[in-house]
Amino acid sequence: IGSLGVALDAVTLPGASALNTRLEGNMIEIGLGIHGEAGIRQSPMMSADELAKEMLDTIHEFGFKGEKEELCKLKSGDELAILVNNLGGASNFELSILSRSLMVYLENEMKCTVKRAYVGSFMTSFNMHGASVSVLCLDGDGKLGSLLDADANAPAWTKADVLVSSETTRPSMVPFPEVQAPQSTSSPDTLETVAISNFESRVSSAISAACSSLIENEQQLTEWDTIVGDGDCGITMARGAKEVKKRLEDGTLPLASPSKLFLSLADAVSASMGGTSGILFELMFRRCASSLSDFQKGGKAVDENAMSEAFVDGVKAVSFYGGAKVGYRTMMDALVPAADAVGDGLEAVTKAAADGADSTAVMKTANAGRSNYLSEEQLEGTPDPGAKAVAMIMSGISSI
């Protein structure tokens, strides 16, 4: 077995009179001990791929004792088990990224085969922010492999990612089958008539402008959400906007059919946006679609009033299923005032949404959403990101 540890921060032992600060700035230590013993050398920060190469090359050059106490080194064709151990302060993300880099280097560069990979916290060193890798050469008759696979009741021991001889793909690299939501369908014999001049070009420009507004303001939305939410609002909104814009540019949005367009928008956000906001936007678009579909059953042509009513119905659906109302410090604080102003024109709708979103910055409590457990001091001065996103959408639409 060959083993080597690296860390961004050394361990500080409980009861110590001072922090262990020998690793300062953007430095890492290679080969340090689990008790904080000094390593082989310090180095500037490396990428995961560079770090994997450094660790494995060091283990390879140092070698290990074979069955007859002879010095052996890793060679092409060796079958290995590796254990990637969290030294205490590393996240699962960091461990997984490093593990991938280690296996890629072992298999692509050193031409070995990783038959078993163990990743987790097996032996930690308090707060040491680092990881170690241990490499074991497996025997040809499978004895070591069978021992490793034996049941164990040690709480920290996890099952390995096992690659058997008949497999060409590592089990952990096989994706779980994605459950596909049924595609929205509309009766093929439903002919929609639109009584809005230049509807297709206008709605195309409106969708494009709304998406661009969200994409351009991703950083600002994320900044607000890191204060009063879970920090992903900007990313989520931008992801949905990019997907909608892609479908617009690909020509897959049925711009000539208002109800089918809203169904397609619902499909787009369902496929791309996570979290509560994605669900609520999908609900809203599907309700808009059903509202327009109902309106046309009598052979009526979709006009601006029908579009306005569909928007109002969509907002009501979000409030009903989401449970939030005005004053709850959510996107409803922008959506409801916007819906109330539909009779006064697009400019009034946009202003109502903006004013409603801005009002959330002075609300002292949140009755729904991620902010509902935060104190008045934490909320004060920061608007609700979801409400601001709605205001940005409306601002983009009104700018065309």
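Please refer to the structure placed before this passage.
Quick look at the structure, then. Everything numeric in this text was worked out from a predicted model, so none of it was measured.

Basis of the calculations
- Residues numbered from 1 in each chain as written.
- Predicted model: local features only at pLDDT ≥ 70, side-chain atom pairs only at ≥ 80, totals over all residues.
- Heavy atoms only, no water.
- Helix = DSSP H or I, 4+ residues; strand = E, 2+ residues; numbered from the N terminus.
- Buried < 20%, exposed > 50% of the residue type's maximum accessible area, 1.4 Å probe, protein only.
- Contact = heavy atoms within 4.5 Å.
- Areas by Shrake-Rupley, 256 points an atom, 1.4 Å probe, with all protein chains shown as cover.
- Pairing = 2+ DSSP bridges.
- Axes fitted to C-alpha atoms, helices over the stretch in contact; angles between N-to-C directions.
- Parallel < 35°, antiparallel > 145°, perpendicular 65-115°, else oblique.
- Left-handed = near helix turned anticlockwise from the far one by under 90°.
- Nonpolar A, V, L, I, M, F, W, Y, C, P; charged D, E, K, R; others polar.
- Phe/Tyr/Trp six-rings, centres within 6.5 Å; stacked < 30°, edge-to-face > 60°.
- Salt bridge = Lys/Arg side-chain N within 4 Å of Asp/Glu carboxyl O.
- Core = buried A, V, L, I, M, F, W, Y, C linked by side-chain atoms within 4.5 Å.
- Expected span 1.5 Å × (residues − 1).

## Points about the overall build of the protein
No. 1: Counting its regular elements, the protein contains 13 helices and nine strands.
No. 2: When the 400 residues of the protein are sorted by exposure, 44% land in the buried category.
No. 3: In the protein, once contacts between residues fewer than 6 apart in sequence are set aside, the share between residues at least 24 apart is 67%.
No. 4: Here the protein has roughly 21,500 Å² of accessible surface; of this, 54% comes from carbon and sulfur atoms.

## Quick look at the sheet that holds strand E8 (residues 129-137)
No. 1: Strand order in the open sheet formed by seven strands is E3-E2-E1-E8-E6-E7-E9, with mixed pairing between adjacent strands. At either end of the open sheet lies a strand with only one pairing partner, and these are strand E3 (41-44) and strand E9 (161-162).
No. 2: Sheet topology note: the strand E6 (residues 79-86)/E8 ladder contains seven bridges and is antiparallel. What sits directly across from Ile82, in E8, is Val135.
No. 3: Relative to strand E1 (residues 2-9), helix H1 (residues 48-62) is tilted by about 145°, and along the sheet it contacts E1, strand E2 (27-30), E3 and E8.
No. 4: In the packing of helix H2 (residues 92-109) onto the sheet, the strands contacted are E6, strand E7 (113-120) and E8, and the crossing angle to E6 comes to about 160°.

## A word on the packing of helix H8 (residues 275-295) against helix H9 (residues 304-322)
No. 1: H9 packs onto H8 with a crossing angle of 135° between their chain directions and a minimal axis gap of 8 Å. Considering the angle they form, H8 stands oblique to H9. Both H8 and H9 take part in a crossing whose hand is right-handed. Taken together, the residues of H9 that come into contact with H8 (itself represented by Leu280, Leu283, Met284, Arg287, Cys288, Ser291, Leu292 and Phe295) are Ala306, Met307, Glu309, Ala310, Phe311, Asp313, Gly314, Val315, Ala317, Val318, Tyr321 and Gly322.
No. 2: In the contact of H8 with H9, the residues fall into 14 nonpolar, three polar and three charged.

## Focus: the packing of aromatic side chains
No. 1: One pass over the structure, following the stated rule, counts five aromatic pairs.
No. 2: Between Phe281 and Phe285, the ring centres sit 6.2 Å apart and the planes meet at 25°, which makes this aromatic pair stacked. With Phe281 and Phe285 both in helix H8 and four residues apart, this pair spans about one turn of that helix. When sorted by exposure, Phe281 lands in the same class as Phe285, which is buried.
No. 3: Counting every residue linked through ring pairs, the aromatic cluster contains Tyr118, Phe122 and Trp157.

## Some words on the packing of helix H10 (residues 332-340) against helix H11 (residues 346-359)
No. 1: Close contact between H10 and H11 brings their axes to 7 Å; oriented N to C, the two are set at 150°. The angle between H10 and H11 falls in the class roughly antiparallel. The two elements H10 and H11 meet at a crossing, and its hand is right-handed. Contacts from Asp333, Ala334, Pro337 and Ala338 of H10 reach H11 at Val349, Ala352, Ala353, Gly356 and Ala357.

## Side note on the pattern of salt bridges
No. 1: Counting across every chain of the model gives 14 salt bridges.
No. 2: Between Lys53 and Asp57 there is a salt bridge, and its shortest N-O distance comes to 2.8 Å. Here Lys53 pairs with Asp57, and both are found in helix H1, just four residues apart, close to one helical turn.
No. 3: For Asp57, a relative accessible area of 22% corresponds to the partly exposed category.
No. 4: A salt bridge links Lys75 to Asp78; its shortest N-O distance comes to 3.1 Å.

## With respect to the environment of Gly240
No. 1: Here Gly240 lies in helix H6 (residues 233-250).
No. 2: Residues in contact with Gly240, not counting those within four places in the same chain, are Ser272 and Met273.

## Let's talk about the nonpolar core
No. 1: By size, the foremost hydrophobic cluster in this structure holds 57 residues, and its most contacted members are Ile207 and Leu335.
No. 2: If we ignore the near neighbours within four places in the chain, the residues touching Ile207 are Val244, Leu248, Leu253, Leu255, Leu261 and Leu265.
No. 3: One finds Met46, Tyr105, Met110 and Val114 within the second-largest nonpolar core, a separate group that totals 29 residues.

## A closer look at H8
No. 1: Along its 21 residues, H8 runs 31 Å from first to last C-alpha, staying within 8% of the 30 Å computed at 1.5 Å per residue.
No. 2: Where H8 is concerned, the buried positions are Ser277, Gly278, Leu280, Phe281, Glu282, Met284, Phe285, Cys288, Ala289, Ser291 and Leu292.
No. 3: Against H6, helix H7 (258-272), H9, H10 and helix H13 (385-398) lie the buried residues of H8.

## Details of the pairing of E1
No. 1: As paired elements, E1 and E8 share seven bridges and run antiparallel to each other. Looking across to E8, one finds that Gly5 is bridged to Ser132.
No. 2: Bridge analysis of E1 against E2 gives two bridges, and the strand direction is antiparallel. Residue pairing in the sheet places Ala7 in a bridge with Glu29 of E2.

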